[in-house]
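Read off the chains here:
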Amino acid sequence: MGERGVDQPVVVLGVCGGIAAYKAVEVLRLLTEAGCAVSPILTEAATEFIGPLTFSALAAEPAEVSLYGGAHPSPHTRLGQKADLVVVAPATADLLSRLVAGRSDDLLTATLSATTAPIVVAPAMHTEMWEQASVQANVATLRGRGVVVVDPASGRLAGGDVGTGRLAEPAVIAATALEVLGGIGHDRDLEGCHVLITAGGTREAIDPVRYVSNRSSGKQGYALVEAAVARGARVTLVTAARRALTPLAAEVTTVVEVDSADEMDRAVASVSSAADVVIMAAAVADYRPVASASRKLTKDLGIPTIELEQTADILAGLVSRRRHGQVIVGFAAETHDVLERATAKLARKGCDLLVVNDVAADAVGFDHETNAVVILGADGSATDVPLAAKRIVAHAVLDRVARLRTTTPIERTPS
Ligand code: CTP
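This text gives an overview of the structure that appears in the document.

Reading the values: rules and limits
- Residues numbered from 1 in each chain as written.
- Predicted model: local features only at pLDDT ≥ 70, side-chain atom pairs only at ≥ 80, totals over all residues.
- Heavy atoms only, no water.
- Buried < 20%, exposed > 50% of the residue type's maximum accessible area, 1.4 Å probe, protein only.
- Helix = DSSP H or I, 4+ residues; strand = E, 2+ residues; numbered from the N terminus.
- Pairing = 2+ DSSP bridges.
- Right-handed = clockwise from strand over helix to strand, strands pointing away.
- Near = heavy atom within 4 Å.
- Polar contact = N/O pair within 3.5 Å; in protein donor to acceptor, adjacent residues only side chain to side chain.
- Phe/Tyr/Trp six-rings, centres within 6.5 Å; stacked < 30°, edge-to-face > 60°.
- Lys NZ or Arg CZ within 6 Å of the ring centre and 35° of its normal.
- Contact = heavy atoms within 4.5 Å.
- Axes fitted to C-alpha atoms, helices over the stretch in contact; angles between N-to-C directions.
- Expected span 1.5 Å × (residues − 1).
- Core = buried A, V, L, I, M, F, W, Y, C linked by side-chain atoms within 4.5 Å.
- Parallel < 35°, antiparallel > 145°, perpendicular 65-115°, else oblique.
- Left-handed = near helix turned anticlockwise from the far one by under 90°.
- Nonpolar A, V, L, I, M, F, W, Y, C, P; charged D, E, K, R; others polar.

Here we take up the pairing of strand β17 (residues 353-358). Extensive coverage of β17 is indicated by the burial of 5 of its 6 residues. As paired elements, strand β16 (residues 327-334) and β17 share 6 bridges and run parallel to each other. Its bridge partner being in β17, Ala332 is matched across the sheet by Val356. With respect to chirality, the unit in which β16 leads through helix α13 (residues 338-349) into the neighbouring parallel β17 is right-handed.

The following block contains the structure:
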């Protein structure tokens, strides 16, 4: 069982009785890794499929099953009131029906009745049940009340049947939960704002099967997209990473997929004049092969010598074309003399903010779920963001962006 941190969002994770109950453990793990304090509630039926101890071992506090007999006299109000979010995964047809009716005859439904927190449900059941008019009507009612429903996927179901009703992937459920959480506590302070974000490491072709690239996963860039969407922005994502956005972000984000630095440069150039904010989170390759072979370089040709040339500096181009009031943010991944190099880079690049991470440190940067950064401002400011989930780091960057948008360009010119 983990310790609860002071600023951790609290997620109550409800688990119903169904074969997919074991997948809720993965939802719990992903939410915990993303920095949430998770309090599990299992229905009596869920305990037929999986034991509370499995959840207790990974959660912020022991899993609860019953309204009665526990340490707290009123467990449903304790859990309902402290929750920032309630997620039910898997949600059975019976749970959906009881939630619609406002029943409170077990700990999970009583907690759902006792909370004002947003609710995410991920139904899982056999196809015939999912397609029942009553179930569909309940889902529509819940959606109408603002409950976020993560639709079941199609695939193999219990007993070997194949069809719709399978619990959505734990990663999709966790990402949706985080997205809902990300929108809590933040004003929609980027409403009406067009934000262009780049993400991922570009790939520079050597031949049709090989490329030069870097270790960027794109996770921080995608977290920025999801956070910007939660704050009301209209987002264009130019990405060299092949990742999926959360369903809510995907609905409202224009995605342009690119491979090379040159493609990214052209995609950025075609959108940037319409953007109010540009965030260059991508790890753009600094060098590319001078020539890319049209056919695979086979061994019989001998060991190739690959001559490299410099790519265009996209960020420098953005700064040179910057329109009045546009906020431009760069990133810097450094391994040594971090702040010294970053301060010089900020001055050299001429952007408004430079988000700096020390990628040599533990759990920071490439492919980690967490990051720790310093946000340097052209006004000489430095904001320390200690190790946190990339979503939290994204909001810290957007806090600075939102503040810059309310100051005039003249005020933010360095002295
Ligand atoms: N960047 C860019 N175009 C490039 C290289 C980098 O737009 N060809 C952007 C990155 O997206 C990032 C910022 O510039 O926002 C800093 O990238 P970095 O590689 O740290 O900077 P460099 O100028 O390449 O400096 P270094 O000598 O440290 O590699």
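So, about the site of the ligand. Around the ligand sit 17 residues in total, of which Met280, Ala282, Leu315, Phe331 and Lys345 are the nearest. Met280 is positioned with one of its backbone polar atoms (N or O) 2.8 Å from an oxygen atom of the ligand. Ala312 is positioned with one of its backbone polar atoms (N or O) 2.9 Å from a nitrogen atom of the ligand. Listing elements by their share of the shell around the ligand, those giving two or more residues are α12 (314-321), β16 and α13. For the shell around the ligand, the element with the highest residue contribution is α13, accounting for 4 residues.

This structure, assessed with the given rule, holds 0 aromatic pairs. Positioned above the aromatic ring of Tyr211 is the side chain of Arg203, whose terminal nitrogen or guanidinium carbon lies 5.8 Å from the ring centre.

In spatial order, the strands read β2-β1-β3-β4-β5; together these 5 strands make up an open sheet with parallel pairing. If you trace the sheet from one side to the other, it starts and ends with β2 (37-42) and β5 (148-149), each paired once. Lying over the sheet, helix α1 (residues 24-33) contacts β1 (10-15), β2 and β3 (85-91), oriented at roughly 175 degrees with respect to β1.

This next bit is on helix α9 (residues 219-230). With 12 residues, α9 should cover 16 Å at 1.5 Å per step; its first-to-last C-alpha distance of 16 Å lies within 8% of that length. α9 sits mainly inside the fold: 12 of its 12 residues count as buried. Phi turns positive, to about 95 degrees, at Gly232, one or two residues after α9.

Here we take up the nonpolar core. Side chains of nonpolar character tend, in soluble globular proteins, to be buried together. Within the largest apolar cluster, 38 residues are counted, with the highest numbers of intra-cluster contacts made by Ile197, Leu224, Ile279 and Val329. Broken down by element, the residue count for this core peaks at 8 residues, all from helix α14 (residues 390-405). In this view, Ile279 contacts Val195, Leu196, Ile197, Thr198, Leu224, Val329, Phe331 and Leu398; residues no more than four positions away in its chain are not counted. Listed in part, the 34 residues of the second largest apolar core include Ala20, Val120, Ala174 and Val180.

Before going further, it helps to examine unusual backbone geometry. A cis amide bond links Ala89 to the next residue, Pro90, at an omega of -5 degrees. Mapped onto the elements, Pro90 comes out in strand β3. Unusually for a residue other than glycine, Asp337 sits at a positive phi of about 45 degrees. Along the polypeptide, Asp337 turns up in the loop between β16 and α13. Owing to a relative accessible area of 48%, Asp337 belongs among the partly exposed residues under this scheme.

Once that is clear, we can look at the packing of α9 against α14. For the pair α9 and α14, the least separation of the axes is 8 Å and the interaxial angle reads 60 degrees. The orientation of α9 with respect to α14, classified from their angle, is oblique. Here α9 runs over α14; the crossing is right-handed. In this structure, α9 contributes Lys219, Gln220, Ala223, Leu224, Ala227 and Ala228 to the contact, and α14 contributes Lys390, Arg391, Val393, Ala394, His395, Val397 and Leu398. Class assignment for the residues of the contact of α9 with α14 results in 8 nonpolar, 2 polar and 3 charged.

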